[in-house]
Every structure is written in structure tokens, then in C-alpha cells.
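Residue-level structural notes
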Amino acid sequence: MSTDALHQLSFTVSGRVARPCAEVYEAVADPEQLSRYFTTGGARGRLEAGAEVTWDFADFPGAFPVTVVQADPPHRIVVEWDGEATAGGTGTTRTVFEFEPVDDDTRTLVTITESAWEPTGDGAKAAFGNCEGWTGMLAALKAWVEHGINLREGFYR
């Protein structure tokens, strides 16, 4: 029996997109594309290591800064931003996007892991809400990259 205490909540969601890794990575890193299917109020700034970019959602008003901790094209992007009910005393959450080639790079496995939520009711509510959001983002990414369709438009409002 383990006596380890739960110090933070995290979650992982994943899905496959029928396009090469570099193309799927670019759909996340490029603010113009990200704005077409996810950040419906606009994304400003490319996801490059050390950058601070801005994401805005028309259906959840309020632009907010996102810090790019790591960018390793076309395999990995790590971002952080402020959050409530976060663990570790930093006041931020961390999201890791991983892009793995599948079927000779004709498809890409996209895995999104978010961590640093307090193991409390408020932390769980925030984590579950973001888990829903990232799952929706994966579906919207797939529809956008494979078919040029914006699934998010009109979805939340």
C-alpha cells in the first residue's frame, strides 16, 4: 500500500489526425490556423520557445497570456498560463502537446496533458473543465486539418 499523497491533479487526452506530424504541429503552432478552429477570438503570436502569446475565445470572452516553455517542431509544445486552484505555488498550469507519427507519418497521434491543479474540489472543477476543453480542441483540430471545418463556431453559444 502506497502512502504517497496526491499533490496535484492532471489529465491526458489524445486522438489521431489523418495528416503528417509537421502539418498537425503547424495547425497548433500557427496563430492564424489556431484562430480558425480553436481560439475563436484570435491567437496572437506563434508558439515558439520563450514567446508570450495571447489566446482569446469569442465564446468565453477575455484574452489571456500564454507562455511557451518549449517548442520542438514537429514533436512537442509546452505552454503555461495563470490559473486558479493550481498546485505548486506557481499560480500556473502546464499543458504539453505531443505529436507522434503513426502509419509512416500519414497520421499523427496528438496527446495533450495538463497538470498542476490542486487536489481539491475547486482544482477538480477546473481540471475537468479544461479536460472537456482540450477534448473539444482535439476534435476541432481533426475537423479543421482533415476537412477545413470549424467545429467550434456556434458550439458554445
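Before any of the text, the structure's been laid out above.
Worth saying up front: this structure is predicted, and the values here are computed from it rather than measured. (Residues numbered from 1 in each chain as written. Predicted model: local features only at pLDDT ≥ 70, side-chain atom pairs only at ≥ 80, totals over all residues. Heavy atoms only, no water.)

1. Considerations on the side chain of Glu146
To keep it simple, the criterion reads: Runs of H or I in DSSP of at least four residues are treated as helices and runs of E of at least two as strands, each being numbered from the N terminus. Whenever a nitrogen or oxygen atom comes within 3.5 Å of another N or O atom, the pair is scored as a polar contact, on the condition that within protein one atom can donate a hydrogen and the other can accept it, and that pairs from neighbouring residues in sequence are kept only if both atoms are in side chains. In what follows, residue pairs with any heavy atoms lying within 4.5 Å of each other are defined as contacts.
Mapped onto the elements of the fold, Glu146 is located in helix 3 (residues 121–147). Polar contacts involving the side chain of Glu146 include one to the main-chain amide nitrogen of Ala18, which spans 2.6 Å. Dropping the residues within four chain positions of it, Glu146 is found in contact with Arg16, Val17, Ala18 and Arg19.

2. Description of the pattern of salt bridges
Short version of the rule: We count a salt bridge whenever a side-chain nitrogen from Lys or Arg sits within 4 Å of a carboxyl oxygen from Asp or Glu. Remark: exposure states derive from per-residue accessible area (1.4 Å probe, protein chains only) relative to the maximum for the residue type, with buried under 20%, exposed over 50%, and partly exposed in between.
A complete count under the given rule lists seven salt bridges for this structure. Of the charged contacts in the structure, one is a salt bridge between Arg46 and Glu48, with a shortest N-O distance of 3.6 Å. For the salt bridge of Asp103 with Arg107, the shortest nitrogen-to-oxygen distance reads 2.9 Å. Residue Asp103 is classed as partly exposed on the basis of its relative accessible area of 44%. Each of Glu26, Arg46 and Glu48 takes part in salt bridges that share partners, so that together they form one network.

3. Details of unusual backbone geometry
Residue Pro74 follows Pro73 across a cis peptide bond; omega there is -10°. With respect to the element layout, Pro74 can be found in the loop between strand 4 (60–72) and strand 5 (76–82). Here Asp104, not a glycine, exhibits a phi torsion of approximately 55°, which is positive. When you line up the elements, Asp104 lands in the loop between strand 6 (92–102) and strand 7 (107–117). The backbone phi angle of Ala116 is positive, close to 90°, even though this residue is not glycine. According to the relative accessible area criterion, Ala116 is buried, its value standing at 11%.

Remember that the coordinates give geometry; whether it matters functionally is a separate question.
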